[in-house]
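# Chain and residue survey
Listed here are the chains, written in short residue letters.
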Amino acid sequence: MTPPAPDTRKGGRRPGPIRTGVPFALLLPALLGLAFLLLPLVALLVRAPWHSLPEQLTSPEVWQALRLSLVCATSATALSLVIGVPLAWLLARTDFPGRGLVRALVTLPLVLPPVVGGVALLLALGRNGVVGQWLDAWFGITLPFTTTGVVLAETFVAMPFLVISVEGTLRAADPRYEEAATTLGASRFTAFRRVTLPLIAPGIAAGAVLAWARALGEFGATITFAGNFPGRTQTMPLAVYLALQSDPEAAIALSLVLLAVSIAVLAGLRDRWMTAS
Amino acid sequence: MSTPDGIPPDSAEGLDSHVVVDRDAFRLDITLSAAPGEVVALLGPNGAGKTTALRALAGLVPLTGGHLRLDGDALERTPPESRPVGVVFQDYLLFPHLSALDNVAFGPRCHGASKAEARSQAAGWLERMGLAEHAGARPRSLSGGQAQRVALARALATHPRLLLLDEPLAALDARTRLEVRAQLRRHLAEFEAVAVLVTHDPLDAMVLADRLVVVEHGTVVQQGAPSDIARHPRTDYIAQLVGLNLYRGRADGHTVHLDTGPSLTTTEILSGPAFVAFPPSAVTLHRDRPTGSSARNLWRCEVAGLETHGDQIRADLTGELPLAADLTTVAAAELDLHPGAPVWATVKAAQTHAYPA
């Protein structure tokens, strides 16, 4: 709210609604910022090969990459749910020494360059990695440059989004419901499963969508840890990057698909975030 | 259910507890016993430690010391889910994602009943509470009184041997409160095990409980039958609750010399430390010093505050003897009472009540 402007209407100046003027010094950069964010998307739509689009999108390569992307992102989200929700519960509901540090470490992949994450994964789970060498020697399991490797790389990058979202919801949820469940004879796990989980379901769903979107767009960690093999580890973002060098039209088509998916995700989260402001 | 002096008979049956909880600078240290079928109210001001005591009995707060035995079984190390204790929480904490029926069925389910069995038990409880037609309702669509009964049914459905109620009527508006209080009294009367309720409302406590335990600053300051406590308050807090002026002093025959200076004439003959109590309605106010008045209890006071109290006016007086006096609006107008106005207050000895401290 701006304070009421001094009355400059001397005599018969036209009466009109009081201007809640936006200072020019703010308006200009704001519009510039908006244009900067929108322009690339507009360019994508302008240069899209609309006439050859059906053909591009039905090519087996595109389908292969899209299917692999969806499978991997969904698997990564599922894995994040299985191990991320309990982790969020631990961070929100228990008190142990060094909890703050653990929380910081959990969120580290949020700010870590994904390529670094990929390198770290290689050092941990690669054939000669800290854990990877034992996996290889004892079980014959090789993770890097496999589809499983893609899932792991995406999980590493995407899970923090889920953990943070779920932890926030848990903190906002009334822990006394769990106490009420306990006094009714529920073990702590039963209380979590039958009371807490349904109560925080919206937060889990939002976190899962966020993690899924992040996993779908993952590039750096995936290409570093899992490589770029069509049909095995080449997800959509990798295919876009590769196609840009040989077949720009295909790259644009693939980008349009990812853009459409992103918009769909945003629309799905509309009620939760767009109106929260 | 209790012996004449208000202390339950010593036996292995029922609740026998000494609850000690240390938290930061606060220490709760109360002894609480009750016979099966007895309803005990923990009454006290906010922050006295009542709710902490309740949570300790439920196992939600660990005991720092003391003991907790229920029908002879030691429970102080038992986790809350294994205690035969039911709790009705202050704002009920009905699970918002479950119907009333499934809320009540939750306990039996956790105790091993099949889904169908738990639901049929729950339906029986809702029936008894007169809520059969609301079985499918979500908590948010229930009225306050209905939610309270669902919470009670949920707690009772596990057949607890100790039922705890935390401010069971505090969340209700004045009108429903009256009705729900009567219902709750009926349900508690039917309950065969020990019931402990926490409240800061003396009326709730007196209507619902067989025995009051008054807690202040983490300790028990007085306990006994409601009528006994109402007649013989031993702290300012209780005296205020039951609407009495209360003074402590040393009795010498018909006179009680107060620690603060003035003395009071009473009808009882006592000696040694004593309390004197009288209701605000026993006080008569005068603008000028009354002459020829038979009242020997005469003090010069000043009006500190006035407030309407039903159709009466309650005058808060300071001066020689701080006291509360009730008078009609007409009398207040005639006396020209206003804050700062000087008045003379008299109390007839026959209307005071002295008892040993």
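Residues numbered from 1 in each chain as written. Chains lettered and ligands numbered in written order. Predicted model: local features only at pLDDT ≥ 70, side-chain atom pairs only at ≥ 80, totals over all residues. Heavy atoms only, no water.

Looking at an unreviewed UniProt entry, chain B carries the name ABC transporter ATP-binding protein, with the source organism given as Streptomyces phaeoluteigriseus.

The name that an unreviewed UniProt entry assigns to chain A is Molybdenum transport system permease, with the source organism given as Streptomyces phaeoluteigriseus. Here chain A is described in UniProt, under the heading Function (unreviewed entry), as follows: "Part of the binding-protein-dependent transport system for molybdenum; probably responsible for the translocation of the substrate across the membrane." According to the UniProt record, the Subcellular location (unreviewed entry) comment for chain A reads "Cell membrane". (UniProt positions renumbered as here; feature names shortened; annotations may be inferred.)

In terms of regular secondary structure, chain A is built from 13 helices and zero strands. The linear arrangement of helices and strands in chain A, starting from the amino end, is α-α-α-α-α-α-α-α-α-α-α-α-α. Expected size for 277 residues packed as a compact globule is a radius of gyration near 19 Å; at 25 Å, chain A overshoots this value by more than 25%. Within chain A, the fraction of its 277 residues that count as buried is 40%. (Helix = DSSP H or I, 4+ residues; strand = E, 2+ residues; numbered from the N terminus. Rg over C-alpha atoms; globule rule 2.2 N^0.38 Å. Buried < 20%, exposed > 50% of the residue type's maximum accessible area, 1.4 Å probe, protein only.)

The next thing to look at is the packing of aromatic side chains. For the structure shown, the criterion picks out nine aromatic pairs over all chains. Residues Trp89 of chain A and Phe192 of chain A carry aromatic rings whose centres are separated by 6.1 Å and whose planes lie at 75° to one another, so their mutual orientation is edge-to-face. Residue Trp89 of chain A is located in helix α3 (residues 60-93), and its partner Phe192 of chain A is located in helix α9 (residues 188-216); the two are separated by 103 residues in the primary sequence. A single burial state applies to Trp89 of chain A and to Phe192 of chain A, both of which are buried. Ring centres of Phe275 of chain B and Tyr355 of chain B lie 5.6 Å apart, and the angle between their planes is 40°; on these two criteria the pair is classed as tilted. On the criterion of sequence distance, the pair formed by Phe275 of chain B in strand β12 (residues 263-278) and Tyr355 of chain B in strand β18 (residues 353-356) is long-range, its members being 80 residues apart. Tyr355 of chain B shares its class with Phe275 of chain B; the two are buried. Ring pairs connect the aromatic residues Trp134, Trp138 and Phe139 of chain A, which therefore count as one cluster. The residue whose ring lies beneath Arg154 of chain B is Phe95 of chain B, and the NZ or CZ to ring-centre distance is 4.6 Å. (Phe/Tyr/Trp six-rings, centres within 6.5 Å; stacked < 30°, edge-to-face > 60°. Lys NZ or Arg CZ within 6 Å of the ring centre and 35° of its normal.)

All names here are of chain A. Feature annotation in UniProt assigns "transmembrane region" (unreviewed entry) to the following positions: residues 21-46, 66-92, 104-125, 137-166, 195-213 and 250-269. Annotated as residues 21-46, this span is 88% helix and 0% strand, and its ends, taken at the C-alpha atoms, are 34 Å apart. Strand forms 0% of residues 104-125 and helix 91%; the C-alpha atoms that close the span are 22 Å apart.

With domains assigned, chain B is organised as domain 1 (15-237) and domain 2 (278-356). Here domain 1 of chain B and domain 2 of chain B have C-alpha centroids that lie 41 Å from each other. (Domains from an automatic or database assignment.)

What follows is about the sheet that holds strand β11 (residues 245-258) of chain B. Residues and elements named next belong to chain B. Strand order in the open sheet formed by three strands is β11-β12-β18, with antiparallel pairing between adjacent strands. Each edge of the open sheet is held by one strand with a lone partner, namely β11 and β18. Neighbour to neighbour, the strand axes of the sheet diverge by 40° on average, direction disregarded. The sheet contact formed by β11 and β12 spans 12 bridges and is antiparallel. The residue of β12 that forms the bridge with Asn245 is Phe278. (Pairing = 2+ DSSP bridges. Axes fitted to C-alpha atoms, helices over the stretch in contact; angles between N-to-C directions.)

Take the UniProt feature "domain: ABC transporter" (unreviewed entry) in chain B next. Here the UniProt feature "domain: ABC transporter" (unreviewed entry) sits at residues 12-242 of chain B. With 36% helix and 25% strand, residues 12-242 of chain B has end C-alpha atoms that lie 34 Å from one another.

With that settled, consider the interface of chain B and chain A. Every contact between the two is made by 22 residues of chain B and, on the other side, 17 residues of chain A. Taken over both partners, the interface formed by chain B and chain A buries close to 1,800 Å², and the fraction arising from carbon and sulfur atoms is 67%. By the criterion of area lost to chain A, the three top residues of chain B are Glu81, Leu93 and Phe106 of chain B, representing 31% of everything that side buries. Taken together, the connections running from chain B to chain A amount to two salt bridges. In this structure, Glu179 of chain A and Arg55 of chain B form a salt bridge, with 2.8 Å as the shortest nitrogen-oxygen distance. Linking chain B to chain A there are four residue pairs in polar contact (both at pLDDT 80 or more). For the side of chain B that touches chain A, the elements supplying multiple residues, two or more each, are β6 (85-88), α2 (100-110) and α4 (144-156) of chain B. (Contact = heavy atoms within 4.5 Å. Buried area = accessible area lost by both parts, 1.4 Å probe. Salt bridge = Lys/Arg side-chain N within 4 Å of Asp/Glu carboxyl O. Polar contact = N/O pair within 3.5 Å; in protein donor to acceptor, adjacent residues only side chain to side chain.)

Generally speaking, nonpolar side chains in soluble globular proteins are found buried as a group. Within the largest apolar cluster, 47 residues are counted, with the highest numbers of intra-cluster contacts made by Leu163 and Leu188 of chain B. Among the elements that make up this core, the one with the highest residue count is α4 of chain B (seven residues). Formed by 44 residues, the second largest nonpolar core is a distinct cluster that contains Ala92, Val106, Leu162 and Ala206 of chain A. (Core = buried A, V, L, I, M, F, W, Y, C linked by side-chain atoms within 4.5 Å.)

This part takes up the sheet that holds strand β16 (residues 323-328) of chain B. All names here are of chain B. With antiparallel pairing, the five strands of this open sheet are ordered in space as β13-β17-β14-β15-β16. Of all the strands in the sheet, just β13 (283-286) and β16 have a single pairing partner and so form its edges. Recorded for the sheet is a direction-independent mean angle of 45° between the axes of neighbouring strands. Relative to strand β15 (residues 312-319), strand β14 (residues 297-309) runs antiparallel, the two being bridged by eight bridges. Looking at the pairing, Gly305 lines up with Asp316 of β15.

If you check UniProt for "domain: ABC transmembrane type-1" (unreviewed entry), the listed places come out as residues 66-267 of chain A in our numbering. Annotated as residues 66-267 of chain A, this span is 80% helix and 0% strand, and its ends, taken at the C-alpha atoms, are 20 Å apart.

Residue and element names in this part refer to chain B. Where burial is concerned, most of strand β9 (residues 211-216) is hidden: six out of the six residues are buried. Burial along β9 is two-sided: Arg211, Val213 and Val215 and Leu212, Val214 and Glu216, pointing in opposite directions, are all buried. Here strand β3 (residues 39-43) pairs with β9 via four bridges, running parallel. What sits directly across from Leu43, in β9, is Val214. In the sheet, β9 pairs with strand β10 (residues 219-224) via five bridges, with the strands oriented antiparallel. Residue pairing across strands places Val215 opposite Val220, the latter belonging to β10. Here β9 folds back onto β10 in antiparallel fashion, the turn holding two residues, of which His217 has a positive phi close to 50°.

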